[in-house]
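Each chain, written out:
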Amino acid sequence: MSGGAAGVPKPLPSSGPKSLREMPHPLATSSSEEMGPALTPSPDLLLPRTDDKLRLERYFCPQAKFLLIGKRGKLTSHQSTEVLLLHPKPVLQDLSLPNGTPVDTSSPASSSSLLNRLQLDDDLDGEAKDLFVTVDDPKKHVCTMETYITYRVTTKTTRAEFDLPEYSVRRRYQDFDWLRNKLEESQPTHLIPPLPEKFVVKGVVDRFSEEFVETRRKALDKFLKRITDHPVLSFNEHFNVFLTAKDLNVYKKQGMALLSKMGESVKYVTGGYKLRSRPLEFAAIGEYLDTFSLKLGTIDRIAQRIIKEQLEYLVELREYGPIYSTWGGLEVELSEPLEGVSACIGNCCTALEELSEDMTDDFLPVLREYILYSESMKNVLKKRDQVQAEYEAKLEAVALKKEDRPKVPTDVEKCQDRVECFNADLKADMERWQNNKRQDFRQLLMGMADKNIQYYEKCLTAWESIIPLLQDKPETK
């Protein structure tokens, strides 16, 4: 919100008219007494087969085109030669400031701020990235029927799936929405990152203002970067099309043609089957997500009230300062100290305005993103429950048949594969999400602390500067 809350928005440039039993659960505690016995999938999910030895070694997950090697917990991609690990990342070390380094408070904007000294290990796995995507250069397009914003999406890569090493295309919000829908359809077992909300309250936020567009650009850029960093989603064919196609409308018209069989089977699983019980580990994830979104929602509402009150206080403060200046014009002897107080209040206004902007631009978007993230995870949990319910129903149907069968029907085995695939993918994504969340919120809170320190340092400096003006001067003889 450069220019203040009451300022006029700047115009945008316009174009004219591991196995499931071995993988640790992210929410599990270190004490076995607290959680009871080790969490394992429901016994009903362990279906004996004639090819049991092979099943214990691996199973095929069709929609993601990989093999899950159960004993090692690895994913071997059929589309590339790299090996993708399901094991969770190492735990990030606690952040600490360098020992012996004094905190420089002489300047509120000093380079030794908390955020600048924040050390984060962004590449703990030591994997070299081969795909980079950025969103920038928003432009306003004015047409006869509508006015909209497009963003430049730049891609640089060394992957064999791409014909060129670099691409640059323009995309509008509905294109990002198309991509997310396609990812949900074709990768139903994975957590798809959320998009920023499309609609805004009319009359409250101008969706064509520079401030709103920049906030959305940052969110869209983060959305694509999260997909890029995902070991499965980044290889999705729809993601490739989004990054490379000059005319995306051609692919949009294909509708359900590119929908995978796995996605289709999950999409049309109805509520006709009732899940007997969700496995303990996934029940724990569901309870955690409910509590997490509730707490974040409360923080979000309180933070918005604080910002609103700060802006109201800022309006009063801006009226408060000039009064001292006017008073100084009437009191010759008090003119200098009164002008000093007026200037001091003005500096405090500027500092408060910057703090409110930082809260609005940096703090609130992260809270909102993770609220939406928790909703996305809940949707994946529901899909997993639907597939497990379908599997349980098929098991019951087989048990009711009296004739002896040499082996379990193939469709039941395939359904079990889907359940196992859901379990593995959801666990891996949950662990990845927890790691990202811990890192994002650590950086967010450190930045918040830094901004508040800067604000109070600026106010302290301003008030200290007028103390000499208020002190008694020695009388001249």
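Here the structure is shown first, and the text comes after it.
What comes next is a walk through the structure.

Criteria and cut-off values
Residues numbered from 1 in each chain as written. Predicted model: local features only at pLDDT ≥ 70, side-chain atom pairs only at ≥ 80, totals over all residues. Heavy atoms only, no water. Helix = DSSP H or I, 4+ residues; strand = E, 2+ residues; numbered from the N terminus. Buried < 20%, exposed > 50% of the residue type's maximum accessible area, 1.4 Å probe, protein only. Areas by Shrake-Rupley, 256 points an atom, 1.4 Å probe, with all protein chains shown as cover. Core = buried A, V, L, I, M, F, W, Y, C linked by side-chain atoms within 4.5 Å. Axes fitted to C-alpha atoms, helices over the stretch in contact; angles between N-to-C directions. Parallel < 35°, antiparallel > 145°, perpendicular 65-115°, else oblique. Left-handed = near helix turned anticlockwise from the far one by under 90°. Contact = heavy atoms within 4.5 Å. Pairing = 2+ DSSP bridges. Salt bridge = Lys/Arg side-chain N within 4 Å of Asp/Glu carboxyl O. Polar contact = N/O pair within 3.5 Å; in protein donor to acceptor, adjacent residues only side chain to side chain. Phe/Tyr/Trp six-rings, centres within 6.5 Å; stacked < 30°, edge-to-face > 60°. Lys NZ or Arg CZ within 6 Å of the ring centre and 35° of its normal. Patch = residues over 30% accessible without salt bridge, like charges linked within 9 Å, V, L, I, M, F, W, Y side chains within 5 Å. Nonpolar A, V, L, I, M, F, W, Y, C, P; charged D, E, K, R; others polar.

Examining the overall build of the protein chain
Each helix and strand counted, the protein chain has 11 helices and seven strands in total. Counting every position in the protein chain, which comprises 477 residues, the buried fraction comes to 43%. Counting every atom, the protein chain has about 27,000 Å² of accessible surface; 55% of that belongs to carbon and sulfur.

Re the nonpolar core
Nonpolar side chains in soluble globular proteins tend to end up buried together. Judged by nonpolar contacts, the single largest core of 30 residues is most densely connected at I285, L296, F363, Y370, L426, W433 and F441. The biggest single contributor to this core is helix 9 (residues 335-400), with 13 residues.

Considerations on the environment of L314
With respect to the helices and strands, the residue L314 is situated in helix 8 (residues 280-330). L314 gets classed as buried once you look at its relative accessible area, which sits at 2%. Spatially, the C-alpha atom of L314 lies 7.2 Å from that of E353, the residues being 39 residues apart in sequence.

A word on the packing of helix 3 (residues 173-186) against helix 4 (residues 210-228)
Direction vectors running N to C along helix 3 and helix 4 enclose 30°, while the axes themselves pass 12 Å from each other. In terms of their interaxial angle, helix 3 and helix 4 are classed as roughly parallel. In the crossing of helix 3 with helix 4, the sense of the turn from one axis to the other is left-handed. Packed against helix 3, whose contacting residues are Y173, F176, L179, R180 and L183, the element helix 4 presents R216, L220, F223, L224 and I227 at the interface.

Observations concerning the sheet that holds strand 6 (residues 147-157)
Strand order in this open sheet of three strands is 5-6-7, and the pairing throughout is antiparallel. Across the chains shown, the open sheet's two edge strands, defined by having one partner strand only, are strand 5 (131-142) and strand 7 (166-172). Averaged over all pairs of adjacent strands, the angle between their axes in this sheet comes to 20°, without regard to strand direction. By the bridge criterion, seven bridges tie strand 6 to strand 7 in an arrangement that is antiparallel. The residue bridging Y151 from the neighbouring strand is R171, located in strand 7.

Points about the pattern of salt bridges
As enumerated under the stated definition, the model contains 25 salt bridges in all. E369 is paired through a salt bridge with R226; the nearest N and O atoms lie 2.9 Å apart. Here R226 lies in helix 4 and E369 lies in helix 9, a separation of 143 residues in the sequence. Overall, E369 belongs to the buried group, its relative accessible area being 13%. Using a relative accessible area of 14% as the deciding quantity, one classes R226 as buried. Sharing partners across several salt bridges, the network here consists of K222, R226, E369 and D440.

Regarding the pairing of strand 6
The buried fraction of strand 6 amounts to eight of the 11 residues, a majority that puts the element mostly inside the structure. In this antiparallel pair of consecutive strands, strand 5 and strand 6, the connection spans four residues.

Some details on the side chain of T189
By the secondary structure assignment, T189 is in the loop between helix 3 and helix 4. Under the relative-accessibility criterion, T189 is labelled buried at 0%. Only 2.5 Å separates the side chain of T189 from the side chain of D425, close enough to count as a polar contact.

What about the packing of aromatic side chains?
Within this structure, the stated rule accounts for 12 aromatic pairs. With a centroid separation of 6.4 Å and an interplanar angle of 75°, the aromatic rings of Y288 and W433 are classed as edge-to-face. Taken together, the positions of Y288 in helix 8 and W433 in helix 10 (residues 410-465) put the pair 145 residues apart, joining distant regions of the chain. The exposure class assigned to W433 is buried, which follows from its relative accessible area of 2%. Relative to Y456, the ring of Y455 lies with its centre 4.8 Å away and its plane at 65°, an arrangement referred to as edge-to-face. According to the relative accessible area criterion, Y455 is buried, its value standing at 14%. Judged by its relative accessible area of 53%, Y456 is exposed. What links up through ring pairs into an aromatic cluster is the set Y288, F292, Y370, Y373, W433 and F441. Sitting above the plane of the F242 ring, R171 keeps its charged end 5.4 Å from the centroid.

Overview of unusual backbone geometry
Note on backbone geometry: most residues besides glycine have negative phi, and most peptide bonds are trans. Residue D137 is not a glycine yet carries a positive backbone phi of 50°. Summarising the element assignment, D137 is placed in strand 5. Using a relative accessible area of 27% as the deciding quantity, one classes D137 as partly exposed.

Comments concerning a nonpolar patch on the surface
A cluster of nonpolar side chains, namely W327, L330 and L334, defines an oily patch on the protein surface of about 330 Å² accessible area. The residue L330 is located in helix 8 in this model.

Some thoughts on the packing of helix 9 against helix 10
Across the interface, helix 9 lies against helix 10 with an axial gap of 10 Å and an inter-helix angle of 170°. Comparing the axis directions of helix 9 and helix 10 gives the class roughly antiparallel. Along the lines of polarity and charge, the residues of the contact of helix 9 with helix 10 split into 34 nonpolar, six polar and 14 charged.

Interpretation note: all reported values are geometric properties and have no functional meaning in isolation.
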